[in-house]
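An overview of the molecular structure
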Amino acid sequence: MHELDVIGVRVEAPSNQPVVLLRETAGDRYLPIWIGAGEATAIAFAQQGVVPPRPLTHDLLKDVLIATGQELDEVRIVDVKEGVFFATLVFASGVEVSARPSDSIALALRTGTRIVASPEVLEEAGITAPDEQDDEVEKFREFLDQVTPEDFEEPGGSPST
């Protein structure tokens, strides 16, 4: 398994489809995963340290884990089939639960849990950024520094769910 860092989320134009970008910690591959607006908001909130007045779903799940004494040990992105990614939540007790990567990433950011991907997933869906693409990566990082959770709100002012 290869450990990944969450670079951030952005909205892909012209489709307005959010994407979360992960990067291999000990390599040069990036893993883009297209996600829903609600999950994009949850990931952006976690990265920016935004604490909503009432817990959102991922905050609630974190609170349930704490209340029940469960520890999330690792988030694994284990497969990709026809562009659909699959993840597994691995608990310290040895229990494994199938989950969507977007939800898994949002929960991992809240719990400080490491995120890993199988070599097969990185081989199939990973993208290597050659030196000439470093400017694009820097532009993406600059975008992430400027993006706010409100950028993922639907018309009418509330985050999509």
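Criteria and thresholds
Residues numbered from 1 in each chain as written. Predicted model: local features only at pLDDT ≥ 70, side-chain atom pairs only at ≥ 80, totals over all residues. Heavy atoms only, no water. Helix = DSSP H or I, 4+ residues; strand = E, 2+ residues; numbered from the N terminus. Buried < 20%, exposed > 50% of the residue type's maximum accessible area, 1.4 Å probe, protein only. Areas by Shrake-Rupley, 256 points an atom, 1.4 Å probe, with all protein chains shown as cover. Expected span 1.5 Å × (residues − 1). Contact = heavy atoms within 4.5 Å. Pairing = 2+ DSSP bridges. Patch = residues over 30% accessible without salt bridge, like charges linked within 9 Å, V, L, I, M, F, W, Y side chains within 5 Å. Salt bridge = Lys/Arg side-chain N within 4 Å of Asp/Glu carboxyl O. Phe/Tyr/Trp six-rings, centres within 6.5 Å; stacked < 30°, edge-to-face > 60°. Lys NZ or Arg CZ within 6 Å of the ring centre and 35° of its normal. Core = buried A, V, L, I, M, F, W, Y, C linked by side-chain atoms within 4.5 Å.

For the chain, the name recorded in an unreviewed UniProt entry is Bifunctional nuclease family protein, with Nocardioides jishulii as its organism.

To continue, consider the overall build of the chain. Scanning the chain for helices and strands turns up five helices and eight strands. Secondary structure elements of the chain, listed N to C terminal, follow the sequence β-β-β-α-α-β-β-β-α-β-α-β-α. By residue count, 40% of the 161 residues in the chain fall in the buried class. Accessible area of the chain: about 9100 Å², with a carbon and sulfur share of 49%.

Moving on to unusual backbone geometry. A positive phi angle is found at N16, which is not glycine, with a value near 60°. The topology assignment puts N16 in the loop between β1 (2–12) and β2 (17–24). The class for N16 is exposed, based on a relative accessible area of 57%. In this structure, E82 is a non-glycine residue whose phi angle is positive, near 50°. Among the structural elements, E82 can be located in the loop between β4 (72–81) and β5 (84–91). Of the residues examined, E82 reaches a relative accessible area of 84% and is grouped as exposed.

A separate point is helix α1 (residues 37–48). Over its twelve residues, α1 runs 16 Å from end to end, which matches the ideal 16 Å to within 8%, given 1.5 Å per residue. Every buried residue belonging to α1 is among G38, E39, A40, T41, A42, I43, A44 and F45, and all of these are buried. Residues of α1 that are buried sit in contact with β1, β2, α2 (57–68) and α3 (101–111). Where α1 terminates, the next one or two residues include G49, which has phi positive at roughly 70°.

The subject of this paragraph is the sheet that holds β5. With respect to topology, eight strands assemble into an open sheet ordered β6-β5-β4-β7-β1-β2-β3-β8, the strand pairing being mixed. Each edge of the open sheet carries a strand with a single partner, namely β6 (96–99) and β8 (127–128). Relative to strand β7 (residues 114–117), β4 runs parallel, the two being bridged by four bridges. Residue E74 lies in a different strand from β7, and its bridge partner there is R114.

Our focus in this paragraph is a nonpolar patch on the surface. On the surface, a cluster of nonpolar side chains totalling about 320 Å² of accessible area is made up of M1, V78, V84 and F86. Among the structural elements, V78 can be located in strand β4. Of the residues examined, V78 reaches a relative accessible area of 31% and is grouped as partly exposed.

This next bit is on the pairing of β6. Bridge count for β5 against β6 is four bridges, and the pairing is antiparallel. Of the residues in β6, the one forming a bridge with T88 is S98. Count of turn residues in the β5/β6 antiparallel hairpin: four residues, of which G94 carries a positive phi of about 100°.

It is worth spelling out the packing of aromatic side chains at this point. With the rule as written, the count across this model stands at zero aromatic pairs. A cation over a ring is seen here: K81 above F86, with NZ or CZ 5.7 Å from the ring centre.

V20, L22, L31, I77 and I115 are the most contacted members of the largest nonpolar core, which totals 30 residues. If sequence neighbours within four positions are ignored, I77 has contacts with L4, L22, L31, I33, F85, F86, A87, I115, V116, A117, S118 and V121.

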